[in-house]
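Here is what each chain is made of, one letter per residue.
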Amino acid sequence: MTPEILTNARIATLEGPGYGMIDSGAVVLGQGRILWTGAASDLPAAHATAPRRDLGGRLVTPALIDCHSHIVFGGDRAREFEMRLQGASYEEIARAGGGILSTVRATRAADEEELVAQALPRLDALIAEGLTTIEVKSGYGLERETELRMLRAARQLARLRPVRVRTTYLGAHACPPEYKSRPDDYLAEVCLPTLRAAHAEGLVDAVDGFCEGIAFDTAQIARVFDLARELGLPVKLHAEQLSHQGGTALAARYGALSADHVEYATAEDAALMAKAGTVAVLLPGAFYTLHEKQMPPVAAFRAHGVPMALSTDCNPGTSPVTSLLLTMNMGCTLFRLTPEEALRGVTVEAARALGQTDCGRIAPGLRADLAIWNVTNPAELAWRIGFNPLHSRIFGGSE
């Protein structure tokens, strides 16, 4: 592939402090990688004759990354949306057989082709906003064949669209009806054996769980994490979303890539996460949808140097969000992140939350995954609501 130069651009490299801005900048792309970036006036002679593309002063950022999603599922939960508006809580809906279990029924009834077909419009909406990497979780099967089918569907998405998909096994998402009040039996007879099967088939990149009063406790999640460690798979955890159950500390103890939601995490949890290098994945879409009041301890995360990622948490029940730009805005307006933190949250820190070291910044040697925007000020990406200023998206060096 002949090198190409993107020139006459404002480049937010996200290298170093701040946005890492380069005005009147240039980026040299070749072989799917970033070969060089800097002020156009400093372009190395070795690239002087490469074809140039004038970006007209547009902003260039790393492409966006969605590090926590559930976009593969069957059915919808619009009725539950109505129930919440009528006063029912998330826990009340779940205990009445709704919530995750209603999606389990619809997902079990869908074949792989149907799951892919339903997921593609959600994925396309994210791609249209500059996304190039997405994490997709299982967790709506809660029995062997459907969990594997979800993971196969997630892998299929990457064959149908120019996007990288990282799959996460979330068998410990809820206890299915057939194992009601027998979570330990479910783990032993279904969840753990299915994880082994998914790993043997090459379907899983990481392992997750839901540590909450309506799901699994820390001892039960530890059993899942022990098997993940045995299989050489990284872990992450839905933790402290509705109450403080000790999940964040557990995640840190296992060196988890991330602890996600974390509204009820404490300053002590933040210190443990910082020491472990665990990313806090903030999910304002769920906070907004559930009309929650307990905000994640952003000040403590800042004080302890905990990286903060942002993600859609795209799912049918608590965060039917398919926009990272909206997520950035909600991260700022609801959680008081700065626009810089929001942009880093869907690039640099989102990559970190997935254990990806080859994307999320604009620097030589990294993948040429870029977003070109019809704006000049990076804060505008988080400022607008319901407006997509994407000019073009570059995935592995190609549009």
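Fair warning: this is a prediction, and the values are worked out from it, not measured in the lab.

**Details of the sheet that holds strand S13 (residues 308–310)**
Ordered by their spatial adjacency, 8 strands build an open sheet running S6-S7-S8-S9-S10-S11-S12-S13, and the pairing between neighbours is parallel. Two strands close off the open sheet at either side, each with one partner strand: strand S6 (64–66) and S13. With strand direction ignored, the average angle separating the axes of adjacent strands in the sheet is 25°. In this sheet, strand S10 (residues 236–239) lies alongside strand S9 (residues 206–211) in parallel orientation, the contact comprising 2 bridges. Bridge pairing in S10 links Cys211 to Ala239. This element, helix H4 (residues 112–127), spans S6 and strand S7 (131–137) of the sheet and lies at about 145° to S7.

**Topic: the UniProt feature "binding site: Zn(2+)" (unreviewed entry) in the protein**
Look at the UniProt record and you will see "binding site: Zn(2+)" (unreviewed entry) annotated at His68, His70, His238 and Asp313. Spanning 246 residues, the annotated positions come together in the fold, the maximum distance between their C-alpha atoms being 12.4 Å. Structurally, the position occupied by His68 is in the loop between S6 and helix H1 (78–85). Classification of His68 as buried rests on a relative accessible area of 0%. Excluding residues within four positions of it along the chain, His68 makes contact with Glu135, Lys137, His238, Asp260, His261, Val281, Leu283, Ser311, Thr312, Asp313 and Cys314. Of note is the side chain of His68, whose polar atom sits 3.2 Å from the side chain of His70.

**Comments concerning the nonpolar core**
Counting 101 residues, the largest nonpolar core has Val72, Ile134, Leu157, Tyr186, Leu282, Phe301 and Trp373 as its most contacted members. Looking at which element gives the most residues to this core, the answer is helix H6 (residues 183–200), with 8 residues. Once residues lying within four places of it in the same chain are set aside, the contact partners of Val72 are Leu115, Ala119, Val136, Tyr140, Met150, Ala153, Ala154 and Leu157. Counting residues in each nonpolar core, the second largest holds 16 residues, with Leu55, Val60, Ile362 and Ile394 among its members.

**Comments concerning the packing of aromatic side chains**
Counted according to the given criterion, the structure contains 5 aromatic pairs. For the pair Phe73 and Tyr140, a centre-to-centre distance of 6.4 Å together with 80° between the ring planes defines the contact as edge-to-face. Placement of the pair is Phe73 in the loop between S6 and H1 and Tyr140 in the loop between S7 and helix H5 (144–160), with a sequence separation of 67 residues. By relative accessible area, Tyr140 is classed as buried at 2%.

**Looking at H4**
Taking 1.5 Å per residue as the helical rise, H4 with its 16 residues ought to reach 22 Å, and the 21 Å between its terminal C-alpha atoms agrees with that figure. Roughly 30° is the biggest bend found in H4, and it falls at Leu120, with proline Pro121 one to four residues downstream. For H4, every residue scored as buried is listed here: Leu115, Val116, Ala119, Leu120, Arg122, Leu123, Leu126 and Ile127. Contact partners of the buried residues in H4: S6, helix H3 (100–108), S7, H5, helix H12 (324–335) and strand S15 (390–394). Where H4 starts, the residue carrying a side-chain oxygen 3.2 Å from the main-chain nitrogen of Glu113 turns out to be Asp111.

Scoring rules and cut-offs
- Sequence order sets the numbering: in each chain, residues are counted from 1 along the sequence as written.
- With pLDDT at 70 or above as the cut-off, local features in this predicted model cover only qualifying residues; side-chain atom pairs require 80 or more to be listed or tallied, and sums for whole chains, interfaces and linings still use all residues.
- To obtain the side-chain values, all non-hydrogen atoms of the structure were included, while hydrogens and water were left out.
- Strands were regarded as paired on the criterion that DSSP finds at least two bridges between them.
- Secondary structure follows DSSP: runs of H or I at least 4 residues long count as helices, runs of E at least 2 residues long count as strands, and numbering of each begins at the N terminus.
- Angular values range over 0 to 180 degrees, each being the angle between N-to-C directions of two axes fitted as lines to C-alpha atoms, with helices fitted over their stretch in contact.
- Whether two residues are in contact is decided by their heavy atoms: any pair within 4.5 Å suffices.
- UniProt positions are given in the numbering used here, feature names are shortened, and annotations may be inferred rather than shown by experiment.
- Only protein chains enter the accessibility calculation, which uses a 1.4 Å probe; a residue whose area is less than 20% of its type maximum is buried, one above 50% is exposed, and one in between is partly exposed.
- Each polar contact in these results corresponds to two N or O atoms within 3.5 Å; when the atoms are within protein, one needs to be able to donate a hydrogen and the other to accept it, and residues that are neighboring in sequence are counted only if both atoms are side-chain atoms.
- Think of a nonpolar core as a cluster: buried Ala, Val, Leu, Ile, Met, Phe, Trp, Tyr and Cys residues, connected wherever their side-chain atoms sit within 4.5 Å.
- What counts as a ring pair is set by centres within 6.5 Å for rings of Phe, Tyr and Trp (its six-membered ring), and what kind of pair is set by the plane angle: stacked under 30 degrees, edge-to-face over 60, tilted for all other angles.
- To estimate how far a helix should reach, multiply one less than its number of residues by 1.5 Å.
- Fitting one axis to the seven residues ending at a residue and another to the seven starting there, the bend at that residue is the angle between the two axes.

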